[in-house]
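Okay, here's what each chain looks like letter by letter:
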Amino acid sequence: MPIRKIPKNYRNITGIAPHNKAVGAAAYESSLERDFLTLLAFNQDVQRFEVQPLAIEWFDTAGKRHVYTPDVLVHYQCDVIVYEVKYRSDLRENWQQLKPKFQAALRFCKQNGWRFKLITEVEIHTDFLRNAQFLLPYRQHGLAGKYSDPYMDLLYETLRELKQSTPNALIQHIFQNEDNQAKLLPVLWYLIATQQVGVDLNQPITMKSTIWFKK
């Protein structure tokens, strides 16, 4: 559970992201943190994550006590990583002030068999994020039972026969009627979002993207 409540900030974007993988409130205090939480929610390898999860104590050279609260603790299938989310410009400008608490976090994580990582906009603001932002609502709707199982079976079995296609070609292969095609499309996005249908998530997803049957 979060140990620190994120205050309202009128200079940065703050809020709470409604992610079901979050333990407690998935609060963020910048758009960069919000985007990173989206990546975690979409990542199939992430079991759960906690925002503002730990209080790490450290002492400066004068013996003064400090407490550092990293941004996110992530439990993967086979790993546990503590993340600090920062813009690269912030790291460059404030490195000397930030370095001691990051070193304290490294020591803490090593003692617990975890890892500590800095993550910036370079790793976050990618085509994968844009795809995650697009697909995540479809996955949430599908998990809530809003899509028809017969449509899922129809799409999956047709793609099994074709082996490879595009979203546009697949729905046109199944239905000629545009209204029926429109009903199929969100179900296809759900199958892609849950990785039941293959696509290169590191490239922008369009109606002409190559998709393939996954055994």
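Refer to the structure above for everything that follows.
Parameters at a glance
Residue numbers here run from 1 along each chain, matching the order of that chain's written sequence. Reporting in this predicted model follows two pLDDT cut-offs: at least 70 for local features of residues, and 80 or more for side-chain atom pairs to be given and counted; totals over whole chains, interfaces and linings ignore these cut-offs and use all residues. The side-chain values count all of the structure's non-hydrogen atoms but skip hydrogen atoms and water molecules. Secondary structure elements follow DSSP: runs of H or I no shorter than four residues count as helices, runs of E no shorter than two count as strands, and numbering proceeds from the N terminus. When two rings of Phe, Tyr or Trp (its six-membered ring) have centres within 6.5 Å they constitute a pair, described as stacked for plane angles under 30 degrees, edge-to-face for angles over 60, and tilted for the intermediate range. Burial classes follow relative accessibility: with a 1.4 Å probe on protein chains only, a residue under 20% of its type's maximum area counts as buried, one over 50% as exposed, and anything between as partly exposed. We call two strands paired when DSSP finds no fewer than two bridges between them. Whenever a helix is involved, its axis is fitted only over the stretch in contact; in every case the axis is a line through C-alpha atoms, and angles between N-to-C directions fall within 0 to 180 degrees. Two residues form a contact once any of their heavy atoms are found within 4.5 Å. In this analysis, the expected span of each helix is defined as 1.5 Å times one less than the number of residues it contains. One axis fitted to the seven residues ending at a residue, another fitted to the seven starting there: the angle between these axes is the bend at that residue. Salt bridge, as used here, is a side-chain nitrogen of Lys or Arg placed within 4 Å of a carboxyl oxygen of Asp or Glu.

Engineer: Pulling in residues and values, what's your account of unusual backbone geometry?
Structural biologist: Peptide bonds are mostly trans, and most non-glycine residues show a negative phi. The backbone phi angle of Q52 is positive, close to 50°, even though this residue is not glycine. Of note in this structure, K163 is not a glycine but carries a positive phi near 70°. Relative to the helices and strands, K163 resides in the loop between α5 (149-162) and β9 (164-165).

Engineer: Break down the packing of aromatic side chains for me, citing the residues and quoting the values.
Structural biologist: If you walk through the whole model with that rule in mind, you get 11 aromatic pairs. Plain terms: the ring middles of F108 and W114 are 6.2 Å apart, the flat faces sit at 70° to each other, and that makes the pair edge-to-face. The class for W114 is partly exposed, based on a relative accessible area of 23%. Geometrically, the ring pair formed by Y147 and Y190 is tilted, given 5.9 Å between the ring centres and 55° between the ring planes. A residue pair is termed long-range when its members are at least 10 positions apart, and Y147 in the loop between α4 (127-143) and α5 and Y190 in helix α7 (residues 178-193) qualify at 43 residues. For Y190, a relative accessible area of 8% corresponds to the buried category.

Engineer: Go over the sheet that holds strand β8 (residues 115-119) with me, naming the residues and quoting the values.
Structural biologist: Taken together, 4 strands build an open sheet; the order of strands is β3-β6-β7-β8 and the sheet is mixed. The open sheet terminates on both sides in strands that have one partner only, identified here as β3 (46-51) and β8. Averaged over neighbouring strand pairs, the angle between their axes works out to 25° when direction is ignored. Pairing of strand β6 (residues 72-76) with strand β7 (residues 80-85) involves 4 bridges; the strand directions are antiparallel. Looking at the pairing, V72 lines up with Y83 of β7. Against the sheet, helix α2 (residues 88-111) contacts β7 and β8, and its axis sits at roughly 160° relative to β8.

Engineer: An account of α4 is requested, with residue identities and associated values reported.
Structural biologist: Its 17 residues place the ends of α4 24 Å apart at the C-alpha level, agreeing with the 24 Å of an ideal helix rising 1.5 Å per residue. Along α4, the helix axis deviates most sharply at L135, where the bend reaches about 35°; the proline P137 sits within four residues downstream. Along α4, the residues that are buried comprise L129, N131, A132, L135, L136, R139 and G142. Where α4 is buried, its residues touch α1 (31-42), α3 (121-124) and α7. Looking one or two residues past α4, G145 carries a phi angle of roughly 80°, positive in sign.

Engineer: For the pattern of salt bridges, give the residues involved together with the corresponding values.
Structural biologist: If you walk through the whole model with that rule in mind, you get 7 salt bridges. Between E57 and R65 there is a salt bridge whose closest N-O contact spans 2.4 Å. Ionic pairing is found between E157 and R160, a salt bridge with its closest N-O pair at 3.0 Å. Here E157 pairs with R160, and both are found in helix α5, just 3 residues apart, close to one helical turn.

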